[in-house]
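Structural overview for review
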Amino acid sequence: MNHKGLLVVVCGPSGVGKGTICREIVGRNENVYVSISATTRKPRKGETDGVHYYYKTEQEFENMIESDELLEWAKYCKNYYGTPKTSIETMLDDGKDVILEIDVQGALQVKRNFPDGILIFILPPSLNELKDRIVGRGTESDDVIHARLLAAKGELKHVNEYDYIIVNDKLHHAVSSLESIITAEKCRLKRNIQTVERMCGDDIPSDW
Ligand code: 5GP
């Protein structure tokens, strides 16, 4: 029985720990993949092209928009970010679950275009804790930290558009909440109609 995979959008402010949660999920579930986005942001120390992002120039990114290569895209703190369409639809058709780790603007586009997608918002325990996490990462200048905290406040206003909320207070709680959501979504009646219909059409075994 080949079920279509789930499209899971994991969203939430910069520094909330989306990447760490998604990496844990992928490490524990061989059927789950995280999409690699394209961006015009410069690579941080330790980031690799094709692993963390596909790093593009503005012109290259705008060409991707023009030629309809992106499932969704957004400008976030002066840089473009977007999800390449390639391979996502194939993975879903093959029954693989795909996580998009994206910002609120992108999540709302996915919601419009893929009503079956599941939208999950990761909250920090508090904005103060969020600031400490971004500062502690040591990868951004003060200006960028300020812009990202402002963006976080804006993102929180859209929280009621999501299907699920997870508070990332302890990593293992957040990971197990996300796994539980994926498991529950797979059990929804609408995703199992064919199984039910097939069974209703089966004859009672003849050796009964
Ligand atoms: P960062 O620069 O910290 O890697 O990412 C900044 C923000 O861009 C994060 O909120 C991240 O989730 C978001 N982001 C990453 N990839 C994409 C994407 O493909 N589309 C959209 N809309 N946002 C993305």
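Here, every reference points to the structure presented above.
So, here is what we can say about the structure in this document. (Residues numbered from 1 in each chain as written. Predicted model: local features only at pLDDT ≥ 70, side-chain atom pairs only at ≥ 80, totals over all residues. Heavy atoms only, no water.)

To continue, consider the pairing of strand 5 (residues 70-76). Counting buried positions along strand 5 gives five out of seven residues, so the element sits mostly inside the fold. If you look at the hairpin formed by strand 5 and strand 6 (residues 79-84), you'll find two residues sitting between the two strands, and Cys-77 has a positive phi there, around 45°. (Buried < 20%, exposed > 50% of the residue type's maximum accessible area, 1.4 Å probe, protein only. Helix = DSSP H or I, 4+ residues; strand = E, 2+ residues; numbered from the N terminus. Pairing = 2+ DSSP bridges.)

What the four strands build is an open sheet, ordered 4-3-6-5; its pairing is mixed. Taken across any chain shown, the strands that pair with only one partner, and hence form the sheet edges, are strand 4 (54-55) and strand 5. Alignment of strand 3 (residues 38-39) against strand 4, held across two bridges, turns out to be parallel. Following the sheet pairing, Ala-38 is matched in strand 4 by Tyr-54.

Read across the sheet, five strands follow the order 2-7-1-8-9 without closing on themselves; strand pairing throughout is parallel. Every other strand in the sheet has two partners, leaving strand 2 (32-34) and strand 9 (164-167) as the edge strands with one partner each. For this sheet, the mean angle separating the axes of adjacent strands, direction not counted, is 25°. By the bridge criterion, three bridges tie strand 2 to strand 7 (residues 97-101) in an arrangement that is parallel. If you follow Tyr-33 over to strand 7, its bridge partner there is Val-98. Against the sheet, helix 7 (residues 171-186) engages strand 1 (7-11), strand 7, strand 8 (118-123) and strand 9, with an angle of about 160° to strand 9. (Axes fitted to C-alpha atoms, helices over the stretch in contact; angles between N-to-C directions. Contact = heavy atoms within 4.5 Å.)

This part is about the environment of Gly-154. In this fold, Gly-154 is placed in helix 6 (residues 142-156). We classify Gly-154 as partly exposed; its relative accessible area is 28%. Once the C-alpha coordinates of Gly-154 and Pro-13 are considered, the two residues, 141 residues apart in sequence, prove to be 9.3 Å apart.

Before going further, it helps to examine the site of the ligand. Surrounding the ligand, one finds 16 residues, the nearest of these being Ser-37, Arg-41, Tyr-53, Tyr-81 and Arg-148. Here an oxygen atom of the ligand sits 3.2 Å away from a polar atom, N or O, in the side chain of Lys-18. Between an oxygen atom of the ligand and a side-chain N or O atom of Thr-83, the distance comes to 3.4 Å. When the ligand is considered free in solution it has 510 Å² of accessible area, and contact with the protein chains removes 96% of it. Put simply, the parts of the chain that give the shell around the ligand at least two residues each are strand 5 and strand 6. Grouping the amino acids of the shell around the ligand by side-chain chemistry returns five nonpolar, four polar and seven charged. (Near = heavy atom within 4 Å. Polar contact = N/O pair within 3.5 Å; in protein donor to acceptor, adjacent residues only side chain to side chain. Areas by Shrake-Rupley, 256 points an atom, 1.4 Å probe, with all protein chains shown as cover. Nonpolar A, V, L, I, M, F, W, Y, C, P; charged D, E, K, R; others polar.)

If you look at soluble globular proteins, the nonpolar side chains tend to sit buried side by side. Ranked by internal contacts, the top residues of the largest apolar core, which has 22 residues, are Val-8, Ile-120 and Leu-178. Secondary structure elements with two or more residues in this core: strand 1, helix 1 (18-28), strand 8, helix 5 (127-137), helix 6 and helix 7. It is helix 7 that provides the largest number of residues to this core, a total of five residues. With near-sequence residues (within four places) excluded, Leu-178 lies in contact with Val-8, Val-10, Ile-21, Ile-25, Ile-120 and Ile-166. (Core = buried A, V, L, I, M, F, W, Y, C linked by side-chain atoms within 4.5 Å.)

Geometry only, nothing functional implied.
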